[in-house]
Amino acid sequence: MWGRRTGTLLRVSGLWPTGVLRRRPLNCNAASLAGSNSLRCWNCGGLEGPLRGDRFFCPQCRALQPPDPTQDYFSLMDCNRSFRVDTAKLQHRYQQLQRLVHPDFFSQKSQTEKDFSEKHSTLVNDAYKTLLAPLSRGLYLLKLRGVEIPEGTDYEMDSQFLMEIMEINEKLAEAQSETAMKEIESIVRAKQKELTDSVSRAFEGGTFFIS
């Protein structure tokens, strides 16, 4: 229920693009991004080549290693697996990782490292976008806990919340001044915070399974 309501409100406020709720979060364990499960470097054969924490490079030959197939977005972005995320820290981590793995820094490297760089960069982008927005972050947390939101459920709203959305739309249509627009923005942001806090409490209390 909260997923449908939060998604609709965010779309009304212009803070979340239409249709994202029905798009499943990208699976960081997908085979296309997984690379190798071996503990040896693909380049020199040395041990401890693949990722351990922030070890993107072989400690012996410094070759870029494939993405870790066991690492989720929260681990990759150095965040606690929680609905509450420090977005400033998240952005810093994103910039830090892109300075390490962005394809621009591997233009003179081997084709293997170029391919790994593309995969790492895509994975970092997906992780950042997913964890940055409350809606996609919540859906990803649910997915990690084995809960999938069926497609199309974002349109199954309760009547009371539907009335709230209709009232906001009416205010938007009637707004004739910047002051009126700011008032509507304040209403939407307050509602967004209310829903976000509610979702956070549900995750922390383990009650997110209740519809």
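You'll find the structure just up there.
Since we're looking at a predicted model, the values are computed, not measured.

The rules behind each value
For every chain, the first residue of the written sequence is number 1, and numbering continues from 1 along that sequence. Residue-level local features of this predicted model are given only where pLDDT is at least 70; pairs of side-chain atoms are given and counted only at 80 or more, and the full residue set underlies all totals for whole chains, interfaces and linings. Where side-chain values are given, they derive from all heavy atoms of the structure, hydrogens and water being excluded. The helix and strand labels rest on DSSP assignments: H or I over at least four residues marks a helix, E over at least two residues marks a strand, and numbering proceeds from the N terminus. The contact definition used throughout considers only heavy atoms, calling two residues in contact when any of these lie within 4.5 Å. For accessible areas, the Shrake-Rupley method is used with a probe of radius 1.4 Å. Any residue's cover is judged against the shown protein chains and nothing else. For helices, the fitted axis covers only the stretch in contact; all axes are lines through C-alpha atoms, and the angles between them, taken along N-to-C directions, range from 0 to 180 degrees. Throughout this description, any angle smaller than 35 degrees is read as roughly parallel, any larger than 145 degrees as roughly antiparallel, any in the 65 to 115 degree range as roughly perpendicular, and the remainder as oblique. Residue count minus one, scaled by 1.5 Å, sets the expected span of a helix. Per-residue accessibility, obtained with a 1.4 Å probe over protein chains only, is compared with the maximum for each type, and a residue is labelled buried under 20%, exposed over 50%, and partly exposed between these values. Regarding the arc, it is the one traced by the directions from the helix axis to the C-beta atoms. Only one rule defines a salt bridge in this text: a Lys or Arg side-chain nitrogen within 4 Å of an Asp or Glu carboxyl oxygen. What counts as a ring pair is set by centres within 6.5 Å for rings of Phe, Tyr and Trp (its six-membered ring), and what kind of pair is set by the plane angle: stacked under 30 degrees, edge-to-face over 60, tilted for all other angles.

Observations regarding the overall build of the protein
Counting its secondary structure elements, the protein contains eight helices and zero strands. Counted from the first residue to the last, the protein has its helices and strands arranged as α-α-α-α-α-α-α-α. Contacts in the protein between residues at least 24 apart in sequence constitute 62% of all its contacts with a sequence separation of at least 6. Accessible area of the protein: about 11900 Å², with a carbon and sulfur share of 49%.

Comments concerning the packing of helix H5 (residues 111–132) against helix H6 (residues 134–144)
Two elements in contact, H5 and H6, have axes separated by 5 Å at closest approach and are oriented at 105°. As far as their axial angle goes, H6 and H5 are roughly perpendicular. Across the interface between the two elements, Lys 129, Thr 130, Leu 131 and Leu 132 of H5 pack against Pro 134, Ser 136, Arg 137 and Tyr 140 of H6.

What to know about helix H7 (residues 159–174)
Here H7 is 16 residues long and its end C-alpha atoms lie 23 Å apart, about the 22 Å a rise of 1.5 Å per residue gives. Listed as buried for H7 are Phe 161, Ile 165 and Ile 168. The buried side chains of H7 occupy one side of the element, clustering within an arc of 60° when seen end-on. Turned more than 90 degrees away from the buried face of H7 sit Ser 159, Gln 160, Ala 173 and Glu 174, all of them exposed.

What to know about the pattern of salt bridges
This model, assessed by the stated rule, comprises four salt bridges. Here Arg 189 and Glu 185 are joined by a salt bridge, their closest N and O atoms 3.1 Å apart. In this pair, Arg 189 and Glu 185 both sit in helix H8 (residues 178–205), four residues apart, roughly one turn of the helix. A residue is classified by how much of its surface remains accessible, and Arg 189, at 43% relative accessible area, is partly exposed.

Considerations on H5
Over its 22 residues, H5 extends 31 Å from the first C-alpha to the last, a length consistent with the 32 Å expected when each residue adds 1.5 Å. Here H5 has its buried residues at Glu 113, Phe 116, Ser 117, His 120, Ser 121, Leu 123, Val 124, Asp 126, Ala 127, Tyr 128, Thr 130 and Leu 131.

A closer look at unusual backbone geometry
In this structure, Arg 62 takes a positive phi of about 65° despite not being glycine. Tracing the chain through its elements places Arg 62 in the loop between helix H2 (31–34) and helix H3 (73–76). Positive phi, close to 55°, is recorded for Asp 78, a residue that is not glycine. Here Asp 78 lies in the loop between H3 and helix H4 (87–101).

Here's the deal with the packing of aromatic side chains
Applying the stated criterion across every chain yields a total of five aromatic pairs. Residues Phe 57 and Phe 106 carry aromatic rings whose centres are separated by 6.4 Å and whose planes lie at 10° to one another, so their mutual orientation is stacked. A residue pair is termed long-range when its members are at least 10 positions apart, and Phe 57 in the loop between H2 and H3 and Phe 106 in the loop between H4 and H5 qualify at 49 residues. Overall, the relative accessible area of 5% leaves Phe 106 in the buried class.

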